[in-house]
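What the coordinates show
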Number of protein chains: 2
Amino acid sequence: MKIAIVGFGNVGQSFLDMLLSKKEFLEKRIGKIEISFIADSKSSVSGDFDPLEALRMKRTKGRLRDDKKAKNCLKELEFDVLVECSTTKINGGEAVEHMLIAIEKGANVVTSNKGIAFYFDELMKLAERKNVKLMYEATVGAAIPIIRVLRTYFSTFTIKKIAGILNGTCNYILSRMEEEGLSYEQVLAEAKELGIAETDPSYDVDGIDAAIKLVILANTIGIRSKFEDVKRKGISWITPEAFKIAAEKGYTIRLIAEASKELIVEPRLVKFGHPLALKGTINTILVYTEEAGTFSFAGRGAGKYETAAAMISDLVAIYDDR
Amino acid sequence: MKIAIVGFGNVGQSFLDMLLSKKEFLEKRIGKIEISFIADSKSSVSGDFDPLEALRMKRTKGRLRDDKKAKNCLKELEFDVLVECSTTKINGGEAVEHMLIAIEKGANVVTSNKGIAFYFDELMKLAERKNVKLMYEATVGAAIPIIRVLRTYFSTFTIKKIAGILNGTCNYILSRMEEEGLSYEQVLAEAKELGIAETDPSYDVDGIDAAIKLVILANTIGIRSKFEDVKRKGISWITPEAFKIAAEKGYTIRLIAEASKELIVEPRLVKFGHPLALKGTINTILVYTEEAGTFSFAGRGAGKYETAAAMISDLVAIYDDR
């Protein structure tokens, strides 16, 4: 099986690391693994190359051996699976183009790129038509197998609602505000220092990231929806006083993403002890079913190895339906 | 596809209910469904029969139309899947015999019977040799898809440990003791009245049920183990004072089942706010991985429809590897 890796930042590098370290085990499950090429938006390496050398070169020089870009590699070279690890862009960006090229050529896709939210239907329909698989576990809740269970196990259930904490940065900020009585600005500064929040935090704190993930979850359970359908409110207006008043009644405040008849991302009161009241950068997803009540799934919401681990599992699932 | 239902108590009846109500949907997924026979240890119905009439007869007369027993039906009649719903017996009992007959005949098995814990290796090896599937999601945590994710998704991960609350009755008793400051005896009496505890509660409160489920989980992740390997301590010796002292330090007490190098079921201190500190009859399973930290899976731990829903999903998974 020939793998193409596109996007070679933290996630792409961690994926390659993990693929190489598990190679023997993986080959027993899915057969011989070859890396067709590794590419990013500016450079690539293909043909005869040593993947470890590629890792070293990217880490030291910030680029790969050749000038050929990802899109050209995808068009010109042969591969069976595209592993799309590039950074998510609002509206999909180049990553979606990459996936469309791959699927059109009859290759499977494993992706961590949340850009699929903006072309979900198109991508899925093309994948079905071309009889290939598009796997995207890593896009929501890192390695929490929520996409897997929704697509397989829960496909025989009637799902009434999905609600969850889909953004670890917001959950970190809110739980620190809860614990320390600090202001939003103080905790945001702390989160930036710790690398939990970006320099421009709006993607997280305005609920954009949570909304994109919610759209992916909703479409996974058959709620056709787009980013614009999400009613969205961020967390930057929450005050320490709000936490105080909530706590007196036994509640905390969390940024909740919910999909049922409507798609909503907004800060909500959550009872202490409730599965959604968890602290830190954790992600939690609740699945409300007609047949068997509510299920909760939780785990780390981000991290390069967490993301890579989900992609390795997706890769194996394409070829090994155990 | 011809289905044989063996065991026609709460779970078997709920399975049939759900199968009939979802029939149209299920047949789109896995093709025409036929019920070959329904049987319990004393009676059965096969050949030309109306499943709804069988349900009615069992509910009113406590038995099915014919005198032929389950074992004879399994030997004499044709079927593609055995749905084994009979009550779990320590050491496996007749249910294991039923499954062995079915697998030997080349039929798949879907079961809610925890008796598989006592013959796990034998059953799995036979199923592999006969190239059939043995599905047992319903044996642990009712409809929580823990077996599914361990067998599929997490099969590419290194699992360091599994720990969980696997018995809803014990969790109910302990969380009521925590909340109300009542004695074990008082809460047990309450639980019996509510139908949460059996007249002879030892199967639950001595940790036997949790130990059996732990053996199933452990074997699922490749820890070859038997019921006798579990170090087991029940909850009947826990006092209200123990909860008081624990609470002062920020802890509660829960019956924890853990599989790593050793298999242990015992009451343990659990920090308030920890995923294992949940209250009520809920089950929670934590999966500790090398690659991506700890995952938590929670949901209702019992219930006839919950169990049936897991079995329906297992049934579909045999034929539809989506």
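As a reminder, the structure under discussion sits directly above these lines.
Values in this document were obtained by computation on a predicted structure and should not be read as measured data.

We now examine the interface of chain A and chain B. Listed per partner, the contact involves 40 residues of chain A and 40 residues of chain B. Between chain A and chain B lies a buried interface of about 3100 Å² when both sides are counted; carbon and sulfur atoms form 58% of it. Where chain A meets chain B, there are 2 salt bridges. A salt bridge links K22 of chain A to E291 of chain B; its shortest N-O distance comes to 2.5 Å. Applying the counting criterion to the chain A and chain B interface returns 12 residue pairs in polar contact (both at pLDDT 80 or more).

Once that is clear, we can look at the sheet that holds strand β5 (residues 108-111) of chain B. Note on sheets: strands pair through backbone hydrogen bonds, and any given pair is parallel or antiparallel. All names here are of chain B. The 6 strands are arranged β3-β2-β1-β4-β5-β6 in an open sheet whose pairing can be described as mixed. With one partner strand each, in any of the chains shown, β3 (44-46) and β6 (134-135) form the two edges of the open sheet. Where β5 lies against β6, 2 bridges are found, and the strand directions are parallel. Looking across to β6, one finds that V109 is bridged to L134. In this fold helix α5 (residues 93-104) packs onto β1 (2-6), β4 (81-84), β5 and β6, with an angle of close to 170° to the strand it touches most, β4. Those strands touched by helix α13 (residues 304-319) are β1, β4, β5 and β6, and its axis lies near 160° from that of β5.

Residues and elements named next belong to chain A. Read from one edge to the other, the open sheet built from 6 strands follows the order β3-β2-β1-β4-β5-β6, with strand pairing classed as mixed. Two strands in the sheet have a free side with no partner beyond their single neighbour: β3 (44-46) and β6 (134-135). Two elements, strand β1 (residues 2-6) and strand β2 (residues 34-39), share 5 bridges in a ladder whose sense is parallel. Bridge assignment links I3 to a residue of β2, and that residue is I35. Against the sheet, helix α1 (residues 10-21) makes contact with β1, β2 and β4 (81-84), and its axis sits at roughly 165° relative to β2, the strand it touches most. In the packing of helix α13 (residues 304-319) onto the sheet, the strands contacted are β1, β4, β5 (108-111) and β6, and the crossing angle to β5 comes to about 160°.

Before going further, it helps to spend a moment on helix α8 (residues 168-180) of chain A. All names here are of chain A. Given a rise of 1.5 Å per residue, 13 residues ought to cover 18 Å, and the 18 Å separating the end C-alpha atoms of α8 matches this to within 8%. Restricting attention to buried positions, one finds in α8 the residues G168, T169, C170, N171, Y172, I173, L174, S175 and M177. On its buried side, α8 packs onto β7 (159-165), α9 (184-193), α10 (202-205), α12 (240-248), β9 (251-259) and β11 (282-289). With a side-chain oxygen lying 3.2 Å from the backbone nitrogen of T169, the N-terminal cap of α8 falls on N167. Once α8 finishes, G181 follows within two positions and takes phi at roughly 65°, a positive value.

All names here are of chain A. Tallied over the entire structure, the rule returns 19 aromatic pairs over all chains. Each ring, one from Y153 and one from F157, has its centre 5.3 Å from the other, and the planes form 35°; the classification is tilted. Pair check on accessibility: Y153 and F157 agree, each one buried. Judged by centre distance (6.4 Å) and plane angle (85°), the ring pair of F157 and F295 falls under edge-to-face. Placement of F157 in the loop between α7 (146-151) and β7 and of F295 in strand β12 (residues 293-300) is noted, with a sequence separation of 138 residues between them.

Calculation notes
- Residues numbered from 1 in each chain as written.
- Chains lettered and ligands numbered in written order.
- Predicted model: local features only at pLDDT ≥ 70, side-chain atom pairs only at ≥ 80, totals over all residues.
- Heavy atoms only, no water.
- Contact = heavy atoms within 4.5 Å.
- Buried area = accessible area lost by both parts, 1.4 Å probe.
- Salt bridge = Lys/Arg side-chain N within 4 Å of Asp/Glu carboxyl O.
- Polar contact = N/O pair within 3.5 Å; in protein donor to acceptor, adjacent residues only side chain to side chain.
- Pairing = 2+ DSSP bridges.
- Helix = DSSP H or I, 4+ residues; strand = E, 2+ residues; numbered from the N terminus.
- Axes fitted to C-alpha atoms, helices over the stretch in contact; angles between N-to-C directions.
- Expected span 1.5 Å × (residues − 1).
- Buried < 20%, exposed > 50% of the residue type's maximum accessible area, 1.4 Å probe, protein only.
- Phe/Tyr/Trp six-rings, centres within 6.5 Å; stacked < 30°, edge-to-face > 60°.

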